[in-house]
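As a plain string of letters, each chain reads:
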Amino acid sequence: MPMASSYINSGFSIILFVVLVNTCSRVANAAGNFYQDFDLTWGENRAKIFREGQLLSLSLDKTSGSGFQSKKEYLFGRIDMQLKLVAGNSAGTVTAYYLSSQGPTHDEIDYEFLGNVTGQPYILHTNVFTQGKGNREQQFYLWFDPTKNFHTYSIIWNPQHIVFLVDNTPIRVFKNAESVGVPFPKKQPMRIYSSLWNADDWATRGGLVKTDWSRAPFTAYYRNFNAQTCSGSCSNSKFANGAWQSQGLDAYSQRRLKWVQKNFMIYNYCTDYKRFSQGFPLECRR
Ligand SMILES: *[C@@H]1O[C@H](CO)[C@@H](O)[C@H](O)[C@H]1NC(C)=O
C-alpha cells in the first residue's frame, strides 16, 4: 500500500530529523554558565565566578596567580570567549587562554596576552603545538585597547585548519599540512584552560620591565563563553550549526586577515630568517 508506506516513511524521517537537530543544537547552544562549564583549578579565592555564573575573574598578586579549566574536552568546534584584560600597568602579567590535550605529545592552541605599562600596547602572542612540538609563534598588536571593554577571542578548529579570530576577524590560520608531513591536531580532545600569572622574566621583552606589585591584585574578566561542537561525529553534519566546519575563509575574511597581518603582526616565525637559517619549518614553505 503506497499510502501507508509513504506515511510511515515521512513519520520516520521526522523522528530522525528531530533526533539529529536535538543532538547538535543541545551542544551548539551551550551558551556559557561558568559554574556548569568550568572548574576553578588554582589560586584559591583569586579565581571567582559571580553574577549567577555569567562572569568569571582571575587575579594575580605577589603570592599567586590563578586559573580555571573546562569540565569538558572538545575535539573540533568553534569556541568563543569574551575577555577584558588587566587594565593600567599590567607589565609582567600574562593572561593565557588556550586549548590543550594532555601528555608529552599533546596538541595545543594558544592565546597569550602580554601586559604592558600604562598606555602601551598589549602583545597578543599565539602558538600552535602538534605532537608536543610548538615553536610556531606569531605575535600581534590589537587595533583596540583590550582592557577597556570585553572582546571576543575565538578558535575555529576543524580537520582542515585552525583559525584564531578576534572580534570575528581572523588573525591567524594554521592549515592542515599533513600532506607535506606536518602533524595536525585531530585525534586528541582538548580542554580549555586559562590562567593569569607573572612572567616578568620574559614577557616584557626579556624581562626589561618588572611587575609593579604596588598595583596588585591584577584582574582579568571573562564572560559569554560559547562552544559549538558536534557531540558525535562531525561528518554527517548537514544539520549541525555549520559555519565553523566549512572549509576555507570567505573573500571578506581573507581581506581582514591580510589587513591584520599587514598592520598588526609584529612577529612571525615563518619569516624569522635568523632563527631558521638552516631552513624554515615545512608548513612555512608553501
Ligand atoms: C610594550 O610597549 C612597548 C613600547 O610601545 C612595545 O615596544 C612592546 O612591544 C610592548 N609590549 C610588551 C609586552 O613589551
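Residues numbered from 1 in each chain as written. Predicted model: local features only at pLDDT ≥ 70, side-chain atom pairs only at ≥ 80, totals over all residues. Heavy atoms only, no water.

**Digging into the packing of aromatic side chains**
Okay, so step 1: Applying the stated rule across the entire model yields 21 aromatic pairs.
Okay, so step 2: Arranged with centres 5.5 Å apart and planes meeting at 40 degrees, the rings of Phe-34 and Phe-38 form a pair that is tilted. Neither residue differs from the other here; Phe-34 and Phe-38 are each classed as buried.
Okay, so step 3: Cluster of aromatic residues (ring-pair linked, three or more members): Phe-34, Phe-38, Phe-68, Tyr-222 and Phe-225. (Phe/Tyr/Trp six-rings, centres within 6.5 Å; stacked < 30°, edge-to-face > 60°. Buried < 20%, exposed > 50% of the residue type's maximum accessible area, 1.4 Å probe, protein only.)

**Some thoughts on the site of the ligand**
Okay, so step 1: Lining the immediate surroundings of the ligand are Leu-114, Gly-115, Asn-116, Gln-120, Pro-121, Ile-123, Tyr-141, Ala-203 and Arg-205.
Okay, so step 2: Taking Gln-120, its side chain carries an N or O atom lying 2.6 Å from an oxygen atom of the ligand.
Okay, so step 3: In the model, an oxygen atom of the ligand is placed 3.2 Å from a nitrogen or oxygen of the Arg-205 side chain.
Okay, so step 4: Protein burial of the ligand: of its 360 Å² of free accessible surface, 79% is covered by the chains.
Okay, so step 5: Within the shell around the ligand, the residues separate by chemical class into 5 nonpolar, 3 polar and 1 charged. (Near = heavy atom within 4 Å. Polar contact = N/O pair within 3.5 Å; in protein donor to acceptor, adjacent residues only side chain to side chain. Areas by Shrake-Rupley, 256 points an atom, 1.4 Å probe, with all protein chains shown as cover. Nonpolar A, V, L, I, M, F, W, Y, C, P; charged D, E, K, R; others polar.)

**Points about the environment of Tyr-74**
Okay, so step 1: With respect to the helices, strands and loops of the structure, Tyr-74 is situated in the loop between β4 (66-70) and β5 (77-84).
Okay, so step 2: Classification of Tyr-74 as buried rests on a relative accessible area of 7%.
Okay, so step 3: Between the alpha carbons of Tyr-74 and Pro-189 there is a distance of 5.1 Å; along the sequence they are 115 residues apart. (Helix = DSSP H or I, 4+ residues; strand = E, 2+ residues; numbered from the N terminus.)

These results come straight from atomic positions and should not be treated as a statement about function.
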